[in-house]
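Here is how the chains run, residue by residue.
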Amino acid sequence: TNVRQLENELNALPIFSDFRVVVIENSEKYFTSGKHRSQEEEDALLRYLDNPNESCSVIFTMSGKPDSRKKIFKSLCSSGQAVEFPLLKDGQLTKWVRTRLEQMGKKIHGEALNYLIACTGRDLSALEQEMEKLTLYCPDSGEISLDMVRMTISKTAGAGIFDLVDAVGERKVTYAVDLLREMLVAGEAPVYILYMLARQYRLMLSVKSLKKEGLPDNKIQSLLSLHPY
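Residues numbered from 1 in each chain as written. Predicted model: local features only at pLDDT ≥ 70, side-chain atom pairs only at ≥ 80, totals over all residues. Heavy atoms only, no water.

**Considering a nonpolar patch on the surface**
Together, Val 21, Val 23 and Ile 59 make up a nonpolar patch on the protein surface, roughly 260 Å² of accessible area in all. Among the secondary structure elements, Ile 59 is positioned in strand 2 (residues 56-60). A relative accessible area of 41% places Ile 59 in the partly exposed class. (Patch = residues over 30% accessible without salt bridge, like charges linked within 9 Å, V, L, I, M, F, W, Y side chains within 5 Å. Areas by Shrake-Rupley, 256 points an atom, 1.4 Å probe, with all protein chains shown as cover. Salt bridge = Lys/Arg side-chain N within 4 Å of Asp/Glu carboxyl O. Helix = DSSP H or I, 4+ residues; strand = E, 2+ residues; numbered from the N terminus. Buried < 20%, exposed > 50% of the residue type's maximum accessible area, 1.4 Å probe, protein only.)

As structure tokens, this is what we get:
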């Protein structure tokens, strides 16, 4: 969108309604340092924010944090407000997953829940997709088990690495090679797989060392920034 189109959209009057909503996606370049933008664009937005169209609601969306020192961000906050949507923390995330599954008529075993989150990450869209697959896979089961999650979860780097570490540790060579091939076919970079595999063993060595020192599990989890799984 060029500057002229942007100004036209922001200043246009609504038709058949009292208000218009304009959403400007991926607006990092306006509110973070080091992003490419023209001075003309910034000046146009500053003019608008100084005298906004009262019949238009403008929403800027971006990932990451804005630079709160920038004049344009300060101007935005004085004309409207900035709302942050942080990633859910561990307790919030597990509660969210349980709640969504209950709405789908399912419960989930604690170990299965931890495995699901560890493999999928904090992306709620990805979690929602995996939960829908689980409910379709086990329509007659009231509670989702770890085996069910293992059978249905997408072979992401996270899921594949956990299984690959187990297979290598148990010396299941054929199964380990099959898992590796699946991850390569899925587009995972060989260097990344090697890095993740090495990382898992480093973490296990670290846990073993800290347990020898007598540290409890929750303290080890905190020190190493690990997921409970």
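**Quick look at the packing of aromatic side chains**
Applying the stated criterion to the full structure yields four aromatic pairs. Judged by centre distance (5.2 Å) and plane angle (80 degrees), the ring pair of Phe 31 and Phe 60 falls under edge-to-face. You can see Phe 31 sitting in helix 2 (residues 28-31) and its partner Phe 60 sitting in strand 2, a full 29 residues away along the chain. Of the residues examined, Phe 31 reaches a relative accessible area of 2% and is grouped as buried. On the basis of an interplanar angle of 35 degrees and a centroid distance of 6.4 Å, the ring pair of Tyr 192 and Tyr 195 is categorised as tilted. With a gap of three residues between them, Tyr 192 and Tyr 195 both fall in helix 11 (residues 190-212), about one helical turn apart. (Phe/Tyr/Trp six-rings, centres within 6.5 Å; stacked < 30°, edge-to-face > 60°.)

**Concerning the side chain of Thr 135**
In this fold, Thr 135 is placed in helix 7 (residues 124-137). If we skip the residues at most four places from it in the chain, Thr 135 touches Leu 101, Met 104 and Lys 106. (Contact = heavy atoms within 4.5 Å.)

**Structural notes on the pattern of salt bridges**
According to the stated counting rule, one finds 12 salt bridges in the structure shown. Between Lys 65 and Glu 84 there is a salt bridge whose closest N-O contact spans 3.0 Å. Taken as a pair, Lys 65 in the loop between strand 2 and helix 4 (71-79) and Glu 84 in the loop between helix 4 and helix 5 (90-103) lie far apart in primary sequence, 19 residues in all. The pair Lys 65 / Glu 84 is uniform in exposure class, with both members exposed. For Arg 150, the salt bridge is made with Asp 163, and the minimal N-O distance between the two is 2.7 Å. In this pair, Arg 150 is assigned in helix 8 (residues 146-152) and Asp 163 in helix 9 (residues 157-169), connecting sequence segments 13 residues apart.

**A look at unusual backbone geometry**
A positive phi angle is found at Phe 16, which is not glycine, with a value near 65 degrees. Counting through the fold element by element, Phe 16 comes out in the loop between helix 1 (3-11) and strand 1 (20-24). Within the chain, Arg 171 stands out as a residue other than glycine whose phi angle is a positive 60 degrees. Tracing the sequence through the fold places Arg 171 in the loop between helix 9 and helix 10 (173-185).

**Notes on the state of the cysteines**
Enumeration over the complete set of coordinates arrives at zero disulfides. Lacking any disulfide linkage, Cys 56 is separated from the closest cysteine sulfur, that of Cys 77, by 18 Å. Looking at Cys 56, the relative accessible area reads 9%, which means it is buried. (Disulfide = S-S within 2.5 Å.)

**Concerning the packing of helix 6 (residues 110-120) against helix 7**
In the contact formed by helix 6 and helix 7, the axes pass within 10 Å of each other and the chain directions differ by 135 degrees. In terms of orientation, helix 6 and helix 7 fall into the oblique class. Note that helix 6 runs across helix 7; the crossing there is right-handed. Residues Leu 116, Ile 117 and Thr 120 of helix 6 form the contact with helix 7, whose participating residues are Ala 126, Leu 127, Glu 130, Met 131 and Leu 134. Its residues assigned to classes, the contact of helix 6 with helix 7 comprises six nonpolar, one polar and one charged. (Axes fitted to C-alpha atoms, helices over the stretch in contact; angles between N-to-C directions. Parallel < 35°, antiparallel > 145°, perpendicular 65-115°, else oblique. Left-handed = near helix turned anticlockwise from the far one by under 90°. Nonpolar A, V, L, I, M, F, W, Y, C, P; charged D, E, K, R; others polar.)

**Examining the packing of helix 11 against helix 12 (residues 217-224)**
At a closest axis distance of 10 Å, the pairing of helix 11 and helix 12 adopts a crossing angle of 135 degrees. As far as their axial angle goes, helix 12 and helix 11 are oblique. Here the hand of the crossing between helix 11 and helix 12 comes out right-handed. From helix 11, Leu 203, Ser 206, Val 207, Leu 210 and Lys 211 reach across to helix 12, where they touch Asp 217, Ile 220, Leu 223 and Leu 224.

**With respect to the confidence of the model for the chain**
Detailed reading of predicted coordinates is not advised where the pLDDT is low. Summary statistics for the chain give a mean pLDDT of 85 and a share of 95% for residues scoring 70 or more. Within the chain, helix 9 has the poorest average pLDDT of any element, 76, and strand 2 the best, 93. (pLDDT = per-residue confidence, 0-100.)

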